[in-house]
Amino acid sequence: EYLEITVADEGLGIVKDDLERIFIGFEAAGPVPPENGNLGMGLALARRFVELHGGRIWADSRPGTGSTFTFILPRDGTLPGESAVPRIMIASGDDGFLQMISHCLKEEGYDVTMAASGQEALQSGFTHPPDLFLIDLSLKEMDGGAVCLRFKSHAGTRNVPVILVVPAFTREEQLKSTRAGADGFIVKPPDLGEMLSKIKLLIDQKLDYESLKRGYEIAVSQARTDPLTGLANLREFWEVLDREIERSRRYQRLSSIAMIDIDFFKQFNDSYGHLQGDEVLKLSAGIFREQIRASDIVARYGGEEFIVVMPETGKEVALLVGEKLRRAFAEHPFTGSVAEPGVRLTISVGIATFPGDASSARELVDISDKALYRAKEGGRNRVVAWEAP
């Protein structure tokens, strides 16, 4: 909710220093300026009340007119942390303009940074991109149009809206703003109401876009990720494997895969329950993720089966990788939270290599599964590479 209260002060206005004294006098248990009567005590209490409920309070005073005290209270719960406050950068060589606009924006609750030249604006804007740029067309060192063009050409600031401050409302100034890629412009000196409306609209659009983008990225990630283990799912695995096989075929390189199965996992589930079985699968994913090389990709193939894609890897190296995984798994202490002391968990691993063992991705997976079956037949807890009979 947004609440604005105008307090009359007999047209005298309250000077800036008195405003702060009004707010802090009662809180510090010191004297409140007598000329303000009970106003200071009431505002001090109001300030504490608003802040305790997650809101904010500002005061602005104009001699001869009166004082305006603005309260902002969240509709539900507390306001976001300070890092969530929209940030605006103002760039202008006009100190008076900078101070006036900065004060106005801060009163509206924005986090404001300032730059006095084009170079300073670029350096600060690229390092810490704000939520909106407000750039004076006439800047030192580099005019505002060139600064805007640089921001719109850079990946880190391309989607940050830019409002150019122009000296007059003419077609020429409109064309300059359009050519620079600006999202809007205001005439100097600005109509503050119009300026604030444009700023709010553009920042809301930017934040909505970022929210939609995050949602899309999360959806894409979930579509490619196994929800239990956090590893690549079967769909992602096939895309990766098809891509690597095609690359191997094009550049005449080797690629290997390792099919992994947790030994006697059904008996473990029967003994300790499926919840404990799920914990084992999560821990297994962590072990595999830690032990594979940076170039390898591990996926959950289904149930208690996992599969590792090893690009540009021949059979001898693949066997070494498989043995490293087997040893790490066998040595991991699965006791305690997921099993009783003395329970031993192991894996069997089947290795197949393209193009020696198979001519396609599907055939390679089938061959690695046959190698895994041989590992199980041979006593489990072992790594077996496919050899044609």
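As a reminder, the structure under discussion sits directly above these lines.
> Is there a simple way to explain the overall build of the protein chain in this structure?
Across its full length, the protein chain carries 12 helices and 13 strands. Looking at the protein chain as a whole, 44% of its 389 residues are labelled buried. Taking the intrachain contacts of the protein chain between residues at least 6 apart in sequence as the baseline, contacts between residues at least 24 apart amount to 64%. Accessible surface for the protein chain amounts to roughly 20,900 Å². Of this, 53% is attributable to carbon and sulfur atoms.

> Sorry, what's going on with the pattern of salt bridges here?
Pairs can form between side chains of opposite charge whenever their charged atoms are close. Taken as a whole and judged by the stated rule, the model has 25 salt bridges. Here Lys266 makes a salt bridge to Asp270, at a shortest N to O gap of 3.2 Å. Here the residue Lys266 and the residue Asp270 both occupy positions in helix H9 (residues 265-272), the gap between them amounting to 4 residues, near one helical turn. Owing to a relative accessible area of 57%, Lys266 belongs among the exposed residues under this scheme. By relative accessible area, which is 55% here, Asp270 ends up exposed. Of the charged contacts in the structure, one is a salt bridge between Glu323 and Arg327, with a shortest N-O distance of 3.6 Å. Placement of the pair is Glu323 and Arg327 together in helix H11 (residues 315-331), with a separation of 4 residues, close to one helical turn. With relative accessibility at 39%, the residue Arg327 sits in the partly exposed group. Through salt bridges with shared partners, a single ionic network connects Arg224, Arg235, Glu236 and Glu239.

> Would you mind showing me how to read the side chain of Asp226 here?
Here Asp226 is to be found in the loop between helix H7 (192-223) and helix H8 (234-251). Polar contacts involving the side chain of Asp226 include one to the side chain of Arg300, which spans 3.4 Å. Discounting chain neighbours no more than four positions away, the residues touching Asp226 are Leu231, Ala232, Asn233 and Arg300.

> Before we go on, may I ask you to explain the packing of helix H4 (residues 118-127) against helix H5 (residues 144-153) in this structure?
Two quantities define a packed helix pair, namely the angle between the axes and the distance from one axis to the other. Relative orientation of the contacting elements H4 and H5 amounts to 20°, with a least axis distance of 10 Å. With respect to their mutual orientation, H4 and H5 come out roughly parallel. Read as a crossing pair, H4 and H5 show a hand that is right-handed. Where H4 abuts H5, its residues Gly118, Ala121, Leu122, Gly125 and Phe126 lie against Val147, Arg150 and Phe151. Class assignment of the residues belonging to the contact of H4 with H5 gives a composition of 5 nonpolar, 2 polar and 1 charged.

> Honestly, the packing of helix H10 (residues 274-291) against H11 in this entry has me stumped. Any pointers?
Remark: H10 packs on H11, axes separated minimally by 10 Å, with the N-to-C direction vectors making an angle of 140°. In terms of their interaxial angle, H10 and H11 are classed as oblique. As H10 packs across H11, the resulting crossing turns out to be right-handed. Where H10 approaches H11, its residues Ser284, Ile287, Phe288 and Gln291 are matched on the opposing element by Lys324, Leu325, Ala328 and Phe329. Class assignment for the residues of the contact of H10 with H11 results in 5 nonpolar, 2 polar and 1 charged.

> I would appreciate a short explanation of the side chain of Lys206 in the present structure.
Assignment of secondary structure puts Lys206 in helix H7. Polar side-chain contacts of Lys206 include one of 2.9 Å to the side chain of Asp131.

> Which parts of the structure should I look at to understand the environment of Ile351?
On the secondary structure map, Ile351 appears in strand S12 (residues 347-354). Along the primary structure Ile351 and Ala318 are separated by 33 residues, whereas in three dimensions their C-alpha atoms are 7.0 Å apart. In this structure, Ile351 is in contact with Ile257, Ala258, Met310, Ala318, Leu319, Ala371, Val383, Val384, Ala385 and Trp386, ignoring residues within four places of it in sequence.

What counts and how
- Residues numbered from 1 in each chain as written.
- Predicted model: local features only at pLDDT ≥ 70, side-chain atom pairs only at ≥ 80, totals over all residues.
- Heavy atoms only, no water.
- Helix = DSSP H or I, 4+ residues; strand = E, 2+ residues; numbered from the N terminus.
- Buried < 20%, exposed > 50% of the residue type's maximum accessible area, 1.4 Å probe, protein only.
- Contact = heavy atoms within 4.5 Å.
- Areas by Shrake-Rupley, 256 points an atom, 1.4 Å probe, with all protein chains shown as cover.
- Salt bridge = Lys/Arg side-chain N within 4 Å of Asp/Glu carboxyl O.
- Polar contact = N/O pair within 3.5 Å; in protein donor to acceptor, adjacent residues only side chain to side chain.
- Axes fitted to C-alpha atoms, helices over the stretch in contact; angles between N-to-C directions.
- Parallel < 35°, antiparallel > 145°, perpendicular 65-115°, else oblique.
- Left-handed = near helix turned anticlockwise from the far one by under 90°.
- Nonpolar A, V, L, I, M, F, W, Y, C, P; charged D, E, K, R; others polar.

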